[in-house]
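Spelled out, the chains give:
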Protein chains: 2
Amino acid sequence: MDEQQRTRRPGGRSARVGAAVHQAVTDLVGERGYGGFTVSEVAARAGVADTTVYRRWGSLEALLTDVTLTRLNARSPMPDTGDLAGDLHTYAAAVAREISGPEGLAVLRLTVALSGSGPEGLRLRDSFLAERARQMQSMLDRAPARGERHLDALTVLDHVMAPMYIRVLFGAGPLTPEYVAGLVDRLLG
Amino acid sequence: MDEQQRTRRPGGRSARVGAAVHQAVTDLVGERGYGGFTVSEVAARAGVADTTVYRRWGSLEALLTDVTLTRLNARSPMPDTGDLAGDLHTYAAAVAREISGPEGLAVLRLTVALSGSGPEGLRLRDSFLAERARQMQSMLDRAPARGERHLDALTVLDHVMAPMYIRVLFGAGPLTPEYVAGLVDRLLG
């Protein structure tokens, strides 16, 4: 933990390495997709040694997971609007915007890639999704204290996130604001 | 059309070639995943010339689409039980069984692969999914004549298929019979 905190202190060399490696991964994913590049290519583009990447992340899969989770947390944080409907509408709209963009299917692509890359890939997939599920459950757990329904994160996954993901993946979009709001209303109604 | 019928007549050399190529693709997908092999490797394993594959299917992507659609139609045909609830419960249970198996995520993997492989991939993805949507819509269109609700195939995709796909993809299974039946009941209720 001390080691992790030290390697991630803002402004240090380690933070610059982290940012350069994350940027290199983001660029390579955009150019070639998941699975289309190696740790050596990431390291070369970031201007660091291969061993720096392996020491910090352990594997290409772990690095991809870290980059995607960091990006998701920055771009689609869990909202806190003061009521359940507001939180869900805000979150659903943010996810719809994110997955409709050019890099939109990043999470699904990563999940498919990890699911097909053995036990380590499955472990990373599970820890990645557990972290996002934990964040969403925290948002949902605030509702009962306000006299609102207590929803399970999996129910939101089933009826709000899954339809949007599959519509984009299957090219059955676009995700209009009316469609996205309708998914949330249907869940709450 | 004559040409196509002739090349696909049962029992002929063309049918044997088709079966051998399909089996080679299925084996290679199982061993290496989508994107892990070339037309030449398929041809070699099927014991045919590369040009035979290109002449008949045009591209690796088109071949993969043909194999997956053939497999889906054979293993998860649209049911006709005489009522809407029966049709949906039967179909949902068949899909759940199919996607819970070792090759379960074939459709999603193919869709992800096609989505990332340029305009030809997107065209194939769209024609593939349109064919399955057309089959499902035919099943749903029988309902109003029996005094039942008229559902849109996209609504079934959103609230029955999408949750199952995403649960398996995210490792949030297993898809128990109760869970699958609950998705259909919720849609109809």
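Heads up: the structure comes first, above all this text.
Rules and cut-offs
- Residues numbered from 1 in each chain as written.
- Chains lettered and ligands numbered in written order.
- Predicted model: local features only at pLDDT ≥ 70, side-chain atom pairs only at ≥ 80, totals over all residues.
- Heavy atoms only, no water.
- Least-squares fit on C-alpha atoms with pLDDT ≥ 70 in both.
- Contact = heavy atoms within 4.5 Å.
- Buried area = accessible area lost by both parts, 1.4 Å probe.
- Salt bridge = Lys/Arg side-chain N within 4 Å of Asp/Glu carboxyl O.
- Polar contact = N/O pair within 3.5 Å; in protein donor to acceptor, adjacent residues only side chain to side chain.
- Helix = DSSP H or I, 4+ residues; strand = E, 2+ residues; numbered from the N terminus.
- Nonpolar A, V, L, I, M, F, W, Y, C, P; charged D, E, K, R; others polar.

Engineer: Which parts of the structure should I look at to understand the relation of the copies chain A and chain B?
Structural biologist: Relating one copy of the chain to the other requires a rotation about an axis plus a shift along that axis. For the match of chain A to chain B, the screw axis carries a shift of 0.1 Å, the RMSD comes to 0.0 Å, and the turn is 180°. Expressed as a symmetry operation, the mapping of one chain copy onto the other fits a two-fold axis. For chain A, the smallest separation between a C-alpha atom and the rotation axis is recorded for Ala162(A), amounting to 2.7 Å. Of the interface residues in chain A, 100% have counterparts in chain B that sit at the interface too, so the contact is made through matching surfaces.

Engineer: What's the story with the interface of chain A and chain B in this structure? I'm lost.
Structural biologist: How large an interface is tends to be reported as the accessible area lost when its parts come together. Taken together, the 28 residues of chain A in the interface contact 28 residues of chain B. For the pair chain A and chain B, the summed buried area comes to about 2,600 Å², and 66% of that belongs to carbon and sulfur atoms. Among the residues of chain A in contact with chain B, Val112(A), His159(A) and Phe170(A) are the three that bury the most area, contributing 24% of the side total. Seen at the junction of chain A and chain B, the total is 2 salt bridges. Between Arg167(A) and Asp158(B) there is a salt bridge, with the nearest N and O atoms lying 2.9 Å from each other. Our count for the chain A to chain B interface comes out at 9 residue pairs in polar contact (both at pLDDT 80 or more). Among the elements that make up the side of chain A that touches chain B, the one with the highest residue count is helix α9 (residues 153–169) of chain A (12 residues). Each residue belonging to the side of chain A that touches chain B can be placed in one class, and the counts come to 16 nonpolar, 6 polar and 6 charged.

By themselves, these observations are geometric and do not establish any function.
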